[in-house]
Amino acid sequence: MTGGLKDREADEDFLSPFIRKQGNIYKPNNKEMENDSLNGKTMEDVHTKEIDLVNRDPKRINDDVVRVDFEDVIAEPPGTYSFDGVWKASFTTFTVTKYWCYRLLTALVGLPLALIWGVFFAILSFLHIWAVVPCVKSFLIEIHCVSRVYSICVHTFFDPLFEAMGKCCSSIRVSSIKEV
């Protein structure tokens, strides 16, 4: 019984071989790894990130585009009011129709579009990470030699020429006289 605690610790180490003593790579559980992560924040696994079911547009990307309410579409100016019952029924019909049509369309078309957009952004990310950035970095490395040679030529040949032209033209004075 004296070795019971050690046996349980050994069993826990045996049962969880992928979590190291200093913490998981994706979700560190100690201060040393938290300080090593970007800006002191813990790194999150994007596949296990919780989504907010209440605020579905936290960055407000659709505030000015698709926010359409009944009052934005149908409005009666003073003096031309319909019956109160018709107005209430119109409001309810508009709101419920918009709500259920949107839900139906997202159920039918939203999932395939989510798949298409996921593939599109995966390809875009792949091309950016594996093709665009390396090409730009390679170009910047290669153009560095050319820019050094160009800079030396400009400073050697053109700087003295333009400096001499500036000194020659510095004594020129222009004055304007208006005759009446």
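All figures in this text were calculated on a predicted structure; none of them were measured in a lab.

A. Structural detail: the overall build of the chain. Secondary structure summary: the chain contains 4 helices and 0 strands in total. Along the chain, from the amino end to the carboxyl end, the secondary structure elements read α-α-α-α. Every one of the 180 residues in the chain was classed for burial, and the buried ones make up 3%. Taking the contacts inside the chain whose residues are at least 6 apart along the sequence as the reference set, 11% of them involve residues at least 24 apart. For the chain, the accessible surface area stands at approximately 17,400 Å², while carbon and sulfur atoms represent 66% of it.

B. The arrangement of the layout of surface pockets in detail. What the largest pocket holds in volume is close to 1,100 Å³. In terms of residue count, helix H4 (residues 84–169) provides more of the lining of the largest pocket than any other element does, 7 residues in total. In terms of residue class, the lining of the largest pocket is built from 8 nonpolar, 4 polar and 8 charged. Empty space within the second largest pocket amounts to approximately 170 Å³. Of the residues in the lining of the second largest pocket, the class split is 6 nonpolar, 2 polar and no charged.

C. Highlighting unusual backbone geometry. In this model, Arg 60 sits at a positive phi of 55°, which is unusual for a non-glycine residue. Secondary-structure assignment places Arg 60 in the loop between helix H2 (31–36) and helix H3 (70–73).

D. Examining the state of the cysteines more closely. Going through the model one piece at a time under the given rule, you end up with 0 disulfides. Not engaged in a disulfide, the cysteine Cys 168 finds its nearest cysteine sulfur in Cys 169; these two sulfurs lie 6.3 Å apart. Taking the relative accessible area as the measure of exposure, Cys 168 reaches 60% and is therefore exposed.

E. Local environment of the packing of aromatic side chains. As enumerated under the stated definition, the model contains 8 aromatic pairs in all. When the centroid spacing of 6.1 Å and the interplanar angle of 20° are considered together, the rings of Phe 158 and Phe 162 count as stacked. With Phe 158 and Phe 162 both in helix H4, this residue pair falls 4 residues apart, about one helical turn. Three or more aromatic residues joined by ring pairs form one cluster here, namely Phe 70, Trp 87, Phe 91 and Phe 94. For Arg 103, the ring lying beneath its charged end belongs to Trp 100, and the centroid distance is 5.7 Å.

F. Examining the UniProt feature "transmembrane region" (unreviewed entry) in the chain more closely. Taken from the UniProt record, the annotation "transmembrane region" (unreviewed entry) applies to residues 104–131. The span residues 104–131 carries 100% helix and 0% strand; its end-to-end C-alpha distance comes to 39 Å.

G. The pattern of salt bridges, seen in detail. Here the structure, examined in full by the defined rule, presents 2 salt bridges. Among the ionic pairs, Lys 167 bridges to Glu 163, the shortest N-O distance being 3.8 Å. One end of the pair is Lys 167 and the other is Glu 163, both in helix H4 and 4 residues apart, which spans about a single turn. Taking the relative accessible area as the measure of exposure, Lys 167 reaches 60% and is therefore exposed.

H. Representation of a nonpolar patch on the surface in the model. A cluster of nonpolar side chains, Leu 104, Leu 105, Leu 108, Val 109, Leu 113, Ile 116, Trp 117, Phe 120, Phe 121 and Leu 124, forms an exposed patch at the surface whose accessible area comes to about 1,000 Å². Mapped onto the fold, Phe 120 is located in helix H4. Residue Phe 120 is classed as partly exposed on the basis of its relative accessible area, which comes to 40%.

Rules of the game
Residues numbered from 1 in each chain as written. Predicted model: local features only at pLDDT ≥ 70, side-chain atom pairs only at ≥ 80, totals over all residues. Heavy atoms only, no water. Helix = DSSP H or I, 4+ residues; strand = E, 2+ residues; numbered from the N terminus. Buried < 20%, exposed > 50% of the residue type's maximum accessible area, 1.4 Å probe, protein only. Contact = heavy atoms within 4.5 Å. Areas by Shrake-Rupley, 256 points an atom, 1.4 Å probe, with all protein chains shown as cover. 1 Å grid on protein atoms, 1.4 Å probe; cavity = no way out; pocket = protein on both sides within 12 Å on 5 of 7 lines; lining within 4 Å. Points joined across faces, edges and corners; volume = space filled by probe spheres on them. Nonpolar A, V, L, I, M, F, W, Y, C, P; charged D, E, K, R; others polar. Disulfide = S-S within 2.5 Å. Phe/Tyr/Trp six-rings, centres within 6.5 Å; stacked < 30°, edge-to-face > 60°. Lys NZ or Arg CZ within 6 Å of the ring centre and 35° of its normal. UniProt positions renumbered as here; feature names shortened; annotations may be inferred. Salt bridge = Lys/Arg side-chain N within 4 Å of Asp/Glu carboxyl O. Patch = residues over 30% accessible without salt bridge, like charges linked within 9 Å, V, L, I, M, F, W, Y side chains within 5 Å.

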